[in-house]
Amino acid sequence: MNEQLRQAASELGEMLTTAKVKLATAESCTGGLVSMSMCSASSSADYFSSGFVTYTNEAKMRLLNVDVRTLEKFTAVSQPTAREMAAGAKAQSGEAVSLSVTGYAGPDDGPDGTPAGTIWFGWGLPDGTIKAEMRHFSGDSESVINQAALFALTRLITLLKKANE
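About the cut-offs
Residues numbered from 1 in each chain as written. Predicted model: local features only at pLDDT ≥ 70, side-chain atom pairs only at ≥ 80, totals over all residues. Heavy atoms only, no water. Helix = DSSP H or I, 4+ residues; strand = E, 2+ residues; numbered from the N terminus. Rg over C-alpha atoms; globule rule 2.2 N^0.38 Å. Buried < 20%, exposed > 50% of the residue type's maximum accessible area, 1.4 Å probe, protein only. Contact = heavy atoms within 4.5 Å. Areas by Shrake-Rupley, 256 points an atom, 1.4 Å probe, with all protein chains shown as cover. Lys, Arg positive; Asp, Glu negative; His and termini not counted. Charge placed at Lys NZ, Arg CZ, Asp CG, Glu CD. Pairing = 2+ DSSP bridges. Axes fitted to C-alpha atoms, helices over the stretch in contact; angles between N-to-C directions. Phe/Tyr/Trp six-rings, centres within 6.5 Å; stacked < 30°, edge-to-face > 60°.

*Asks:* Help me out: how do you make sense of the overall build of the chain in this one?
*Replies:* Along the chain, the regular secondary structure elements total 6 helices and 5 strands. Put simply, the chain runs from its N terminus to its C terminus through helices and strands in the order α-β-α-β-α-α-α-β-β-β-α. Against the 2.2 N^0.38 benchmark of 15 Å for 165 residues, the chain shows a C-alpha radius of gyration of 14 Å, consistent with a compact globule. When the backbone C-alpha atoms are referred to their principal axes, the chain occupies close to 40 × 30 × 25 Å. Per-residue burial for the chain yields a buried fraction of 50% across its 165 residues. The long-range fraction of contacts in the chain, counting pairs at least 24 apart against all pairs at least 6 apart in sequence, stands at 60%. About 7,700 Å² of surface is accessible on the chain, with carbon and sulfur atoms providing 50% of the total. Treating the 14 positive side-chain charges of the chain as one cloud and the 18 negative ones as another, the clouds have centres 7 Å apart.

As structure tokens, then:
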């Protein structure tokens, strides 16, 4: 595993432990890499409870309660879907913090024409707000997946720091 991912997961874990909250993840294109990163850090059971890998639209609907109308209108790679995935991970796990990742890692563009490397993220924060953001990463599929997982973790660290100011 990428050392940057391990370090970000450790830093996030310390923050979550201090705040006495846990994280649940909802991943699509990263296939569980964010969850694996969290599990690789020490004492991970203190701050990480569950990860949902919902690669298909059907899984997003069944496991995270993503609305079929959202998927039909906006596609799986969209702000509304990332937000609903983050909200679903919080609701299904009962945790105070969540993150979601959905996108096209490549090598091909999405069937709707969305370019490979386009990734949407969602973060559910302890105060109940859901933030979302899109990034475009370049490189092969593995590189995009690694960049997306690292961004998901580091942005959550930033968001939690801002929430505590």
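*Asks:* Quick question: what am I supposed to make of the pairing of strand 4 (residues 118-124) here?
*Replies:* Remark: a regular strand shows side chains that alternate across the two faces of the sheet. Most of strand 4 sits out of view: 7 of its 7 residues are buried. Every second residue of strand 4 is oriented toward a common face, with Thr-118, Trp-120, Gly-122 and Gly-124 on one face and Ile-119, Phe-121 and Trp-123 on the other, all of them buried. Relative to strand 4, strand 3 (residues 97-103) runs antiparallel, the two sharing 6 bridges. When the bridges of strand 4 are listed, Val-101 appears paired with Phe-121. With 7 bridges joining them, strand 4 and strand 5 (residues 130-136) adopt antiparallel strand pairing.

*Asks:* In this structure, what is going on with the sheet that holds strand 3? I would like to understand it.
*Replies:* Strands in a sheet are paired, the pairing made by backbone hydrogen bonds, and the direction either parallel or antiparallel. Taken in spatial order, the 5 strands make up an open sheet running 2-1-3-4-5, and their pairing is mixed. Edge positions in the open sheet fall to strand 2 (48-53) and strand 5, since each of these has one partner strand only. If you compare each strand with its neighbour and ignore which way they point, the axes differ by 15 degrees on average. Note: strand 1 (residues 23-27) against strand 2, 5 bridges, orientation parallel. Across the sheet, residue Thr-25 finds its bridge partner in strand 2, namely Gly-51. Helix 2 (residues 33-40) rests against strand 1, strand 2 and strand 3 of the sheet, and its axis sits at about 150 degrees to strand 1. Along the sheet face, helix 5 (residues 79-93) touches strand 1, strand 2, strand 3, strand 4 and strand 5 and points at about 145 degrees away from the line of strand 3.

*Asks:* When you look at the environment of Asp-140 in this model, what are you seeing that I'm missing?
*Replies:* Among the secondary structure elements, Asp-140 is positioned in the loop between strand 5 and helix 6 (141-163). Given the relative accessible area of 52%, Asp-140 is considered exposed. C-alpha separation for the pair Asp-140 and Ala-116, spaced 24 residues apart in sequence, amounts to 9.2 Å.

*Asks:* Where do I start with helix 2 in this structure?
*Replies:* An α-helical turn contains 3.6 residues, so a residue and the one three or four places further along point in the same direction. Among the residues making up helix 2, those that are buried are Leu-33, Val-34, Ser-35, Ser-37 and Met-38. Contacts made by the buried residues of helix 2 are with helix 1 (3-19), strand 1, strand 2, strand 3 and helix 6.

*Asks:* How should I be thinking about the packing of aromatic side chains in this particular structure?
*Replies:* Here a ring pair, both rings aromatic, is described through the centre-centre distance and the interplanar angle of the planes. For the structure shown, the criterion picks out 5 aromatic pairs. Ring centres of Phe-121 and Phe-137 lie 6.3 Å apart, and the angle between their planes is 90 degrees; on these two criteria the pair is classed as edge-to-face. With a gap of 16 residues between them, Phe-121 in strand 4 and Phe-137 in the loop between strand 5 and helix 6 connect regions that are remote in the sequence. Here Phe-121 matches Phe-137 in class, with each residue buried. Taken together through their ring pairs, the aromatic side chains of Phe-121, Trp-123, Phe-137 and Phe-151 make up a single cluster.

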